[in-house]
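# Analysis of the macromolecular model
Here is how the chains run, residue by residue.
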Amino acid sequence: MSKLSAYFGEFGGMFVPELLVPALKQLEAAFSDAMVDPSFQDEFQTLLNEYAGRPTPLTLCRNLGTGNNKIYLKREDLLHGGAHKTNQVLGQALLTKRMGKSQVIAETGAGQHGVATALACALLGLQCRVYMGAKDVERQQPNVFRMKLMGAEVIPVHAGSGTLKDAVNEAMRDWSATYEDSHYLLGTAAGPHPFPSLVREFQKMIGEEAKAQVLENEGRLPDTVIACVGGGSNAIGMFADFIDEESVALVGVEPAGKGLQTSEHGAAINKGTKGILHGAHTFIMQDKVGQIEESYSVSAGLDYPAVGPQHAHLAETGRATYEAVTDDEALDAFQALAKHEGIIPALESSHALAYALKLDKEVNNQIICINLSGRGDKDLAHVYNIIGSNNLGSDAS
Amino acid sequence: MKNQFTNKLDKKFIDAKARNRAALMPFLTMGYPSQQLSLPLLETLSENGADIIEVGIPYSDPVADGPVIQASSQISLENGTTPEKVFDILAAYAEKKHSATLVIMTYYNILLQQGLENFVRQCRDVGVTGIVVPDLPLEESKMLKGLLDEYQVHLIHFVPPNISEQRLEKIAKQASGFIYLISVTGVTGKRKQLPVNLGPLCSKIREYTQTPIALGFGIGSAEQVSQAAQEVDGVIIGSALIEELKEPQSAIDNAAIFMREVSHYE
């Protein structure tokens with residue numbers, strides 16, 4: 001029997017075609033095995049340290065905010081590849097080899113997970129094919145080029161809305177036909193069991209490091225830990241080691257897009273309902289009969305109409321709270337961090353930052369720790385098109 | 001656990017066997033190519049040789065379906081098809097006492113959002129005799145199975161070609177109505193050849209259960225039906241039929257011709 005539970009309370013599970021069950025069981029067994037195998041752990045750790053650049057620093061903001069609180073940034077933006085995603089793709093790529101498979105399938109929205117998967121595959125000598133919505137292929141040419149440079153095949157998906165969720169569907173279809181040689185390297189802590197647990201385990205060093213770093217600097221735990229939530233991989237990686245520390249408030253920040261009162265957002269926990277998407281029972285965005293709705297966010301990495309099942313459980317039990325931040329608030333925070341700290345954050349991470357800046361105005365003498373999950377280079381053209389270079393937005397600090 | 005009840009679905013397999021034929025089971029996406037055509041299409045299939053009709057309630061994210069059925073679902077959704085409208089069509093079909101019995105195919109989220117018991121009750125009320133839920137593997141099926149047993153509707157389980165002996169035994173013990181044998185790995189869509197290992201796989205299944213076996217995924221011609229009929233008790237035809245229904249003007253004629261052709265397999 002597996003040691004891992006497929007459920008987090010009522011959330012999670014494995015709602016997939018019977019055809020995929022053997023592949024998921026095989027993955028679960030290989031993963032359980034690898035987690036207790038010192039040689040796997042050593043190899044993973046070596047890659048994290050010597051290739052990806054772990055541990056990442058913890059930076060105390062010098063200028064940002066009111067000055068009434070200490071605001072720390074966990075610098076996943078400094079990781080090779082530019083975001084936390086590199087952690088877990090290295091883990092899964094190693095697992096792929098461990099299962100004796102030579103090919104990797106991945107889905108990607110704006111291309112970040114595709115690029116991360118491509119780099120891990122290039123490094124470890126795996127064949128890589130990435131499904132990407134046809135619309136996204138058009139919009140994200142630089143990332144398509146990056147993937148191709150690193151030897152990946154990029155397959156445009158025209159079905160459905162031609163975006164991330166359709167790319168996931170297509171990747172799952174490919175996997176059903178090819179899993180004997182292929183591993184599906186899912187990009188977030190969502191999807192069917194064992195992916196939510198597996199991705200968390202391959203991301204939880206973020207929180208472990210942050211906890212040790214805050215303790216060393218401050219001699220105590222942070223009061224609040226904040227991370228943005230799309231599918232939720234950086235957030236679960238940041239939260240995991242703090243879940244049992246009851247004095248630490250955990251805050252996930254969802255994309256409110258053009259406002260929670262509009263239909264253009266991606267706030268599955270705040271505005272969604274319970275249902276099933278991509279193999280898991282969780283909070284999803286759907287109409288009243290159960291058809292999945294399109295999500296929206298200025299930040300492609302948060303533009304997903306569901307959330308990882310462990311977040312659904314943390315929300316339901318009240319262990320974590322989930323706030324929402326609009327496009328405009330995120331854009332302000334993006335500029336504020338650049339202007340005051342000389343760090344250009346990813347638009348995803350800017351959501352976490354925007355909430356932290358609100359909190360900073362309400363509390364005193366707190367230690368606030370934000371997961372700065374990625375850097376903003378990838379977003380420059382997009383942000384330039386929105387705000388222009390001469391029309392910098394209001395100063396969020 | 002096994003054979004707690006029988007309904008018209010079991011009878012269809014018994015009748016086909018008595019005629020020494022495989023039960024023929026075309027698949028039809030409800031609301032495709034239009035909602036108006038769904039009822040006449042069901043009638044046409046029933047009148048031209050279908051024993052069982054698998055009716056699809058469209059879902060926005062059908063991961064087990066190939067491009068043809070996926071596209072038909074999308075068009076159906078654009079036509080405004082809802083589960084409620086599908087049940088209206090099925091109720092109208094039931095009133096006319098047609099020969100072919102109906103089995104519903106849809107994804108689990110659709111059932112969940114209508115409420116499992118409500119959905120199952122509606123199935124019973126319109127004479128649906130089985131439900132196929134492609135994203136509900138054995139582990140997750142307990143709750144639905146309990147309700148379906150109560151309402152005497154069969155839950156159809158899938159058996160893929162790569163199944164382990166242990167899992168096959170578990171599924172076979174639960175099986176009722178028929179076993180949906182997947183002929184090849186991958187998603188729905190017609191393919192040129194049937195898998196060669198069909199015989200041994202069927203023999204293995206029959207070691208564990210008497211439940212009829214129906215073969216699906218990839219069957220599109222009378223010749224393939226004929227090959228399959230030597231090994232299995234029923235044959236499911238999906239994408240190949242859907243491809244014939246693109247044009248609303250010719251959909252009914254094409255459905256009749258297609259159904260007659262495959263039902264006259266040698």
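Just above, that's the structure.
Residues numbered from 1 in each chain as written. Chains lettered and ligands numbered in written order. Predicted model: local features only at pLDDT ≥ 70, side-chain atom pairs only at ≥ 80, totals over all residues. Heavy atoms only, no water.

Scanning chain A from terminus to terminus reveals 15 helices and 14 strands. In terms of overall size, chain A behaves like a compact globule, its C-alpha atoms giving a radius of gyration of 19 Å where 397 residues would be expected to give roughly 21 Å. Each principal axis of the C-alpha distribution contributes one length, and for chain A these read about 55 × 45 × 40 Å. Counting every position in chain A, which comprises 397 residues, the buried fraction comes to 63%. The long-range fraction of contacts in chain A, counting pairs at least 24 apart against all pairs at least 6 apart in sequence, stands at 74%. Between the averaged position of the 32 positive side-chain charges in chain A and that of its 48 negative side-chain charges there is a distance of 1 Å. (Helix = DSSP H or I, 4+ residues; strand = E, 2+ residues; numbered from the N terminus. Rg over C-alpha atoms; globule rule 2.2 N^0.38 Å. Buried < 20%, exposed > 50% of the residue type's maximum accessible area, 1.4 Å probe, protein only. Contact = heavy atoms within 4.5 Å. Lys, Arg positive; Asp, Glu negative; His and termini not counted. Charge placed at Lys NZ, Arg CZ, Asp CG, Glu CD.)

Okay, the sheet that holds strand β3 (residues 58-60) of chain A next. All names here are of chain A. Pairing in this open sheet of six strands is mixed, and the strands run β3-β4-β14-β9-β10-β13 from one edge to the other. The sheet is open, and its two borders are formed by β3 and β13 (320-326), each paired with just one other strand. If you compare each strand with its neighbour and ignore which way they point, the axes differ by 25 degrees on average. Pairing of β3 with strand β4 (residues 70-75), which is carried by three bridges, proceeds in the antiparallel orientation. Residue L60 lies in a different strand from β4, and its bridge partner there is Y72. Sitting on the sheet, helix α13 (residues 327-341) is in contact with β4, β10 (249-257), β13 and β14 (367-372), with an inclination near 90 degrees to β13. Relative to the sheet, helix α14 (residues 347-362) contacts β4, β9 (224-228), β10, β13 and β14, its axis offset from that of β9 by approximately 145 degrees. (Pairing = 2+ DSSP bridges. Axes fitted to C-alpha atoms, helices over the stretch in contact; angles between N-to-C directions.)

Judged by nonpolar contacts, the single largest core of 188 residues is most densely connected at A:F239, B:L42, B:I53, B:L90, B:L144, B:F178 and B:L181. Tallying contributions element by element places helix α1 (residues 21-35) of chain A first for this core, with seven residues. Here B:L181 is in contact with B:V159, B:L198, B:L201, B:C202, B:I205, B:I213, B:A214, B:L215, B:G216 and B:V232, once residues within four sequence places are set aside. Core analysis: the next-biggest nonpolar cluster, separate from the first, contains 26 residues, A:I71, A:V253, A:A336 and A:L353 among them. (Core = buried A, V, L, I, M, F, W, Y, C linked by side-chain atoms within 4.5 Å.)

Our focus in this paragraph is the interface of chain B and chain A. Size of an interface: often given as the accessible area lost when the parts come together. Taken residue by residue, the interface counts 34 residues in chain B and 34 residues in chain A. Summing the contributions of chain B and of chain A, the shared interface buries around 2700 Å²; its carbon and sulfur component is 51%. Counting the contacts that link chain B with chain A gives three salt bridges. Connecting chain B to chain A are 21 residue pairs in polar contact (both at pLDDT 80 or more). Looking at the side of chain B that touches chain A, the elements that each hand over two or more residues are α3 (67-78), α5 (108-114) and α8 (165-174) of chain B. Counting residues per element, the side of chain B that touches chain A draws most heavily on α5(B), which supplies six residues. Partitioned by chemical class, the residues of the side of chain B that touches chain A number 19 nonpolar, nine polar and six charged. (Buried area = accessible area lost by both parts, 1.4 Å probe. Salt bridge = Lys/Arg side-chain N within 4 Å of Asp/Glu carboxyl O. Polar contact = N/O pair within 3.5 Å; in protein donor to acceptor, adjacent residues only side chain to side chain. Nonpolar A, V, L, I, M, F, W, Y, C, P; charged D, E, K, R; others polar.)

Below, the discussion takes up the environment of A:M205. All names here are of chain A. Mapped onto the elements, M205 comes out in helix α9 (residues 205-218). Taking the C-alpha atoms as reference points, M205 and T56, separated by 149 residues in sequence, lie 10.0 Å from one another. Once residues lying within four places of it in the same chain are set aside, the contact partners of M205 are F44, L48, R54 and N87.

Before going further, it helps to examine helix α3 (residues 85-98) of chain A. All names here are of chain A. Here α3 contains 14 residues, and its C-alpha end-to-end distance of 20 Å stays within 8% of the 20 Å for a straight helix at 1.5 Å per residue. With 11 of 14 residues buried, α3 lies mostly within the body of the structure. Listed as buried for α3 are T86, N87, Q88, V89, L90, G91, Q92, A93, L94, L95 and T96. In the segment just after α3, G100 is the residue with positive phi, at about 75 degrees. (Expected span 1.5 Å × (residues − 1).)

Inspection of helix α10 (residues 222-229) of chain B places B:Q224, B:V225, B:S226 and B:A228 among the buried residues, and these make up the whole buried set. Where α10(B) is buried, its residues meet β1 (23-29), α9 (198-208), β7 (213-216), β8 (234-237) and α12 (248-263) of chain B.

This part covers the packing of helix α4 (residues 112-124) of chain A against helix α6 (residues 141-149) of chain A. All names here are of chain A. Across the interface, α4 lies against α6 with an axial gap of 9 Å and an inter-helix angle of 15 degrees. Here α4 lies roughly parallel to α6, going by the angle between them. The two elements α4 and α6 cross, and the hand of that crossing is left-handed. The residues of α6 that touch α4, namely those facing Q112, G114, V115 and A118, are N143, R146 and M147. Grouping the amino acids of the contact of α4 with α6 by side-chain chemistry returns three nonpolar, three polar and one charged. (Parallel < 35°, antiparallel > 145°, perpendicular 65-115°, else oblique. Left-handed = near helix turned anticlockwise from the far one by under 90°.)

Turning our eyes to something else, we now look at the pairing of β14(A). All names here are of chain A. For β14, a buried count of six out of six residues is recorded, marking the element as mostly surrounded by other parts of the structure. Covered by surrounding structure in β14 are I367, C369 and N371 together with I368, I370 and L372, the residues of both alternating faces. Summarising the sheet, β4 and β14 pair through six bridges and their orientation is parallel. Along β14, the bridge assignment pairs I71 with I368. Sheet analysis places β9 next to β14, joined by three bridges and oriented parallel. Paired with I226 across the bridge in β14 is I370.

What is shown is where atoms sit, not what they do.
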